[in-house]
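Tertiary structure, described
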Amino acid sequence: MRRLIVSLYVFALTLALPVAAYAAASDNEGKPTGHDWTITTVFFIALSIPALLGLLTLIDIARGKHTQRHH
């Protein structure tokens, strides 16, 4: 079984390495230029979630939802 796995691994590498070398050497003419705002959007959303939760917590505190009073 191990020999079969090693053989399949070697066969996959013999196919994958030339493809990877060709992709690295190509000019990538189809590559888009400019800023696509993906990373900026991810950081904006990641920072907005705690800010929104903090705002909702402050609203709950202002309305008295976080007091020890039991009505």
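What counts and what doesn't
Residues numbered from 1 in each chain as written. Predicted model: local features only at pLDDT ≥ 70, side-chain atom pairs only at ≥ 80, totals over all residues. Heavy atoms only, no water. Helix = DSSP H or I, 4+ residues; strand = E, 2+ residues; numbered from the N terminus. Buried < 20%, exposed > 50% of the residue type's maximum accessible area, 1.4 Å probe, protein only. Areas by Shrake-Rupley, 256 points an atom, 1.4 Å probe, with all protein chains shown as cover. Patch = residues over 30% accessible without salt bridge, like charges linked within 9 Å, V, L, I, M, F, W, Y side chains within 5 Å. Salt bridge = Lys/Arg side-chain N within 4 Å of Asp/Glu carboxyl O. Expected span 1.5 Å × (residues − 1). Polar contact = N/O pair within 3.5 Å; in protein donor to acceptor, adjacent residues only side chain to side chain.

Details of the overall build of the protein chain
The secondary structure content of the protein chain amounts to 2 helices and 0 strands. Buried positions account for 0% of the 71 residues belonging to the protein chain. Total accessible area on the protein chain is roughly 7,100 Å²; 69% of this is exposed by carbon and sulfur atoms.

Notes on a nonpolar patch on the surface
On the surface, a cluster of nonpolar side chains totalling about 790 Å² of accessible area is made up of Phe44, Ile45, Ile49, Leu52, Leu53, Leu55, Leu56 and Ile59. Among the secondary structure elements, Leu52 is positioned in helix α2 (residues 38-63).

Overview of unusual backbone geometry
Most peptide bonds take the trans form, and the phi angle of most residues other than glycine is negative. Even without being glycine, Trp37 reaches a positive phi, approximately 65°. As for its placement among the helices and strands, Trp37 is situated in the loop between α1 (2-25) and α2.

Thoughts on α2
For α2, with 26 residues, the first-to-last C-alpha span of 37 Å sits near the 38 Å given by 1.5 Å per residue. Where α2 terminates, the next one or two residues include Gly64, which has phi positive at roughly 85°.

Considering the environment of Thr14
The topology assignment puts Thr14 in helix α1. In this structure Thr14 comes out as partly exposed when scored by relative accessible area, which is 48%. Engagement of the side chain of Thr14 in a polar contact is seen with the backbone oxygen of Phe11, the distance being 2.6 Å.

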